[in-house]
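# Inside the fold
Chain by chain, the residues:
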Amino acid sequence: PLYDGLGLRGMEREPLYSVAVTEEHAEAELDTDCVVVENRRLTEEAWTQDVRHITLEGDFSYGCGDVARVYYKNSPVTVDRAVSVARRADATLRGDTRLRLTPRSRLRRLPRVTELGELFESWLDLTRVPRQPQLQRIASFASDQEHRDKLFEMASPQGLALFEEYAVQERR
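Residues numbered from 1 in each chain as written. Predicted model: local features only at pLDDT ≥ 70, side-chain atom pairs only at ≥ 80, totals over all residues. Heavy atoms only, no water.

Taking 1.5 Å of rise per residue, 14 residues should cover 20 Å, and helix H1 (residues 76-89) covers 20 Å from first to last C-alpha, within 8% of that figure. By the burial criterion, the buried members of H1 are Thr 78, Val 79, Ala 82, Val 83 and Ala 86. Each buried residue of H1 sits inside an arc of 135° when the element is viewed along its axis, so together they form one side. Facing away from the buried surface of H1 by more than 90 degrees, the exposed residues are Asp 80 and Arg 88. On its buried face, H1 is in contact with helix H2 (116-123). (Helix = DSSP H or I, 4+ residues; strand = E, 2+ residues; numbered from the N terminus. Expected span 1.5 Å × (residues − 1). Buried < 20%, exposed > 50% of the residue type's maximum accessible area, 1.4 Å probe, protein only. Arc of directions from axis to C-beta. Contact = heavy atoms within 4.5 Å.)

This is the structure:
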């Protein structure tokens, strides 16, 4: 991904997920961890949509009418790397540093108060290739002018081919 500072280039996601199951007539959710044992693409590789059959293994069950929400979790190695990168900007930061977050969008369901490690583990997808529109926001945080310019270029309509080659195909 573009997060070279995390040292994640070429890393595969570890199959660590959290599942929340709400039974049709239940008042509470079951929240448990699980492992992905199968992740198979159902659509042709050339097809634009990526539809998958995913099999999860864990201590849960659900039936007709139940709703299962699956939340990705970053691996401990990825979280530790992200905390290390954050420490470069502020040496006082640690995984257990408490944060008070002020949401700027209703689309994000971030907690109001959390720890830095929990934010990196459960709320931010650190290994996903960002979408093209997100690059402009990411560019504003780049301290290196060359990196900033390249991110702005890839975020532009004229930079679509570069974005496809660099970010999507090569997963940098």
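On we go from here.
What follows concerns the nonpolar core. By size, the foremost hydrophobic cluster in this structure holds nine residues: Val 129, Leu 135, Ala 139, Ala 142, Leu 151, Met 154, Ala 155, Phe 163 and Ala 167. Elements with a contribution of two residues or more to this core: helix H3 (134-139), helix H4 (145-155) and helix H5 (160-169). The dominant element in this core, judged by the number of residues it contributes, is H4, at three residues. Among all residues touching Ala 142, those that are not within four sequence positions of it are His 147, Arg 148 and Leu 151. (Core = buried A, V, L, I, M, F, W, Y, C linked by side-chain atoms within 4.5 Å.)

Let us look at the environment of Thr 127. Summarising the element assignment, Thr 127 is placed in the loop between H2 and H3. Once the C-alpha coordinates of Thr 127 and Thr 78 are considered, the two residues, 49 residues apart in sequence, prove to be 8.3 Å apart.

What follows deals with the side chain of Thr 97. Looking at the element boundaries, Thr 97 is found in the loop between H1 and strand S5 (98-100). Of note is the side chain of Thr 97, whose polar atom sits 2.7 Å from the backbone nitrogen of Arg 94. Excluding residues that lie within four positions of it along the chain, Thr 97 makes contacts with Thr 92, Thr 114, Glu 115 and Leu 116. (Polar contact = N/O pair within 3.5 Å; in protein donor to acceptor, adjacent residues only side chain to side chain.)

Attention shifts here to the packing of H1 against H2. At a closest axis distance of 9 Å, the pairing of H1 and H2 adopts a crossing angle of 130°. On the basis of the axis angle, H1 is oblique to H2. The two elements H1 and H2 cross, and the hand of that crossing is right-handed. Residue-level inspection shows Val 79, Ala 82, Val 83 and Ala 86 of H1 in contact with H2, the latter providing Leu 116, Gly 117, Phe 120 and Glu 121. When grouped by side-chain class, the residues that make up the contact of H1 with H2 number six nonpolar, one polar and one charged. (Axes fitted to C-alpha atoms, helices over the stretch in contact; angles between N-to-C directions. Parallel < 35°, antiparallel > 145°, perpendicular 65-115°, else oblique. Left-handed = near helix turned anticlockwise from the far one by under 90°. Nonpolar A, V, L, I, M, F, W, Y, C, P; charged D, E, K, R; others polar.)

Glancing now at the confidence of the model for the protein chain. Overall, the predicted model of the protein chain reaches an average pLDDT of 76, with 76% of residues at or above 70. Residue range residues 1-15 is modelled with pLDDT below 50. Its contacts to residues more than four positions away, or to other chains, number 43 contacts. (pLDDT = per-residue confidence, 0-100.)

Among the structural elements, Arg 137 can be located in helix H3. Arg 137 sits in the exposed class, given a relative accessible area of 55%. Put simply, Arg 137 and Phe 152 are 15 residues apart on the chain and 8.9 Å apart in space, counted from C-alpha to C-alpha.

This part is about the pattern of salt bridges. Counting across every chain of the model gives six salt bridges. Note that Arg 40 and Glu 38 form a salt bridge whose closest N and O atoms lie 2.9 Å from each other. A relative accessible area of 41% places Arg 40 in the partly exposed class. Here Asp 50 makes a salt bridge to Arg 41, at a shortest N to O gap of 3.7 Å. Residue class for Asp 50 comes out partly exposed when judged on its relative accessible area of 44%. Connected through salt bridges with shared partners, the residues Arg 41, Glu 45, Asp 50 and Arg 52 form a single ionic network. (Salt bridge = Lys/Arg side-chain N within 4 Å of Asp/Glu carboxyl O.)

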